[in-house]
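Spelled out, the chains give:
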Amino acid sequence: MSFETLGLSAPILRALKAENYEIPTPIQLQSIPVVLQGRDLLGCAQTGTGKTAAFALPILHMLYAKKLSGEPMKGIQALIITPTRELAIQIDESFTAYGRYTSIRHIAIFGGVSQHTQVQALKSGVDVLVATPGRLLDLIGQQLVSLRQIRYFVLDEADRMLDMGFIHDVKKIISLLPPVRQTLFFSATMPTDIAQLAQSILKDPQKVEVTPVSST
């Protein structure tokens, strides 16, 4: 099974070839068709399983298709929430790599640095926003970010959000999202709080579960 068989658009396949991606990992193979069908997804997967591409590739494909159709894309279309600055940067770099031939605009925002550069990028227009919860809520509070147009919402590393004390912030962000959207929820483990959160925000989700490739 190759990426070609998953129905991804030509510019994305071209980028994957440039990155020397040949065969999808189990999480990519199971998740990408589900996301392309427009269904919500509950993914039990750890870092190192190829999970970022499992949501980034279909989101890029769907946004690129909208762009080609001439449908106006006003405001941020996709929001990815992740617990740490390092993960936000890593996910944003993945969007750069996979979306290099699509002209889809994206940015990562996170705390611990001046907001100036991030705000300037947001003002020039962004299709995909990768964010840590604190900085996102801060910029929403300053009315510099609106979530009203979000079509695709990804909650990444949900159990780590809980461990790091971000779950209240995450619930606040979810309350600001449009009720009609596609939600992709990823967590390595499913403690009760996380399972309840997933149940409250997902609509008839497809569950995908993979074990990480063991490292020597």
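In the block above lies the structure referred to throughout.
Residues numbered from 1 in each chain as written. Predicted model: local features only at pLDDT ≥ 70, side-chain atom pairs only at ≥ 80, totals over all residues. Heavy atoms only, no water.

### Points about the overall build of the chain
- Counting its secondary structure elements, the chain contains nine helices and seven strands.
- Relative to its length of 216 residues, the chain is compact, with a C-alpha radius of gyration of 16 Å against a globular reference of 17 Å.
- The burial tally for the chain puts 51% of its 216 residues in the buried class.
- By sequence separation, contacts in the chain at least 24 residues apart represent 73% of the contacts at least 6 residues apart.
- Accessible surface, the chain as shown: approximately 10200 Å² in total, 51% of it carbon and sulfur.
- Of the charged side chains in the chain, 20 are positive and 18 negative, and the gap between their average positions amounts to 8 Å. (Helix = DSSP H or I, 4+ residues; strand = E, 2+ residues; numbered from the N terminus. Rg over C-alpha atoms; globule rule 2.2 N^0.38 Å. Buried < 20%, exposed > 50% of the residue type's maximum accessible area, 1.4 Å probe, protein only. Contact = heavy atoms within 4.5 Å. Areas by Shrake-Rupley, 256 points an atom, 1.4 Å probe, with all protein chains shown as cover. Lys, Arg positive; Asp, Glu negative; His and termini not counted. Charge placed at Lys NZ, Arg CZ, Asp CG, Glu CD.)

### Quick word on the packing of helix α3 (residues 51–69) against helix α4 (residues 85–98)
- Axis separation between α3 and α4 bottoms out at 10 Å; the angle between their running directions is 50°. Viewed along their axes, α3 and α4 adopt a mutual orientation that is oblique. Crossing of α3 against α4: the hand is right-handed. Of the residues in α4, those touching α3 at T52, A53, F55, A56, L57, I59 and L60 are I91, S94, F95 and Y98.
- Here the residues of the contact of α3 with α4 sort into nine nonpolar, two polar and no charged. (Axes fitted to C-alpha atoms, helices over the stretch in contact; angles between N-to-C directions. Parallel < 35°, antiparallel > 145°, perpendicular 65-115°, else oblique. Left-handed = near helix turned anticlockwise from the far one by under 90°. Nonpolar A, V, L, I, M, F, W, Y, C, P; charged D, E, K, R; others polar.)

### Comments concerning unusual backbone geometry
- Residues other than glycine seldom take positive phi values, yet S103 does so here, at roughly 60°.
- On the secondary structure map, S103 appears in the loop between α4 and β3 (106–109).
- For S103, a relative accessible area of 51% gives the class exposed.

### Points about helix α1 (residues 10–18)
- Along α1, the positions that sit buried rather than exposed are P11, I12, L13, A15 and L16.
- One or two residues past the end of α1 sits N20, with phi positive at roughly 60°.

### Here's the deal with the side chain of S9
- As for its position among the elements, S9 is in the segment before α1.
- Taking relative accessible area as the criterion, S9 reaches 13% and is therefore assigned buried.
- Excluding its chain neighbours within four sequence positions, the residues that come into contact with S9 are H61 and Y64.

### Some remarks on the sheet that holds β3
- Taken in spatial order, the seven strands make up an open sheet running β3-β4-β2-β5-β6-β1-β7, and their pairing is parallel. Two strands lie at the open edges of the sheet, namely β3 and β7 (206–209), each paired on one side alone. Strand-to-strand twist across the sheet, computed as the mean angle between neighbouring axes with direction ignored, equals 15°.
- Here strand β1 (residues 41–44) pairs with β7 via four bridges, running parallel. Opposite G43, over in β7, you have V208 as the bridge partner.
- Strands β2 (78–81), β4 (128–131), β5 (152–155) and β6 (182–187) of the sheet are contacted by α3, whose axis makes an angle of about 170° with β5.
- Contacting β1, β5 and β6, helix α9 (residues 192–201) runs over the sheet at an angle of about 170° to β6. (Pairing = 2+ DSSP bridges.)

### A look at the packing of aromatic side chains
- Tallying each qualifying case throughout the model produces three aromatic pairs.
- Ring centres of Y21 and Y98 lie 5.6 Å apart, and the angle between their planes is 70°; on these two criteria the pair is classed as edge-to-face. Taken together, the residues span a long stretch of sequence, with Y21 in the loop between α1 and α2 (26–36) and Y98 in helix α4 at a distance of 77 residues.
- Centroid distance F55 to F186: 5.6 Å. Interplanar angle 45°. Geometry classified as tilted. (Phe/Tyr/Trp six-rings, centres within 6.5 Å; stacked < 30°, edge-to-face > 60°.)

Nothing here speaks to function; it is geometry throughout.
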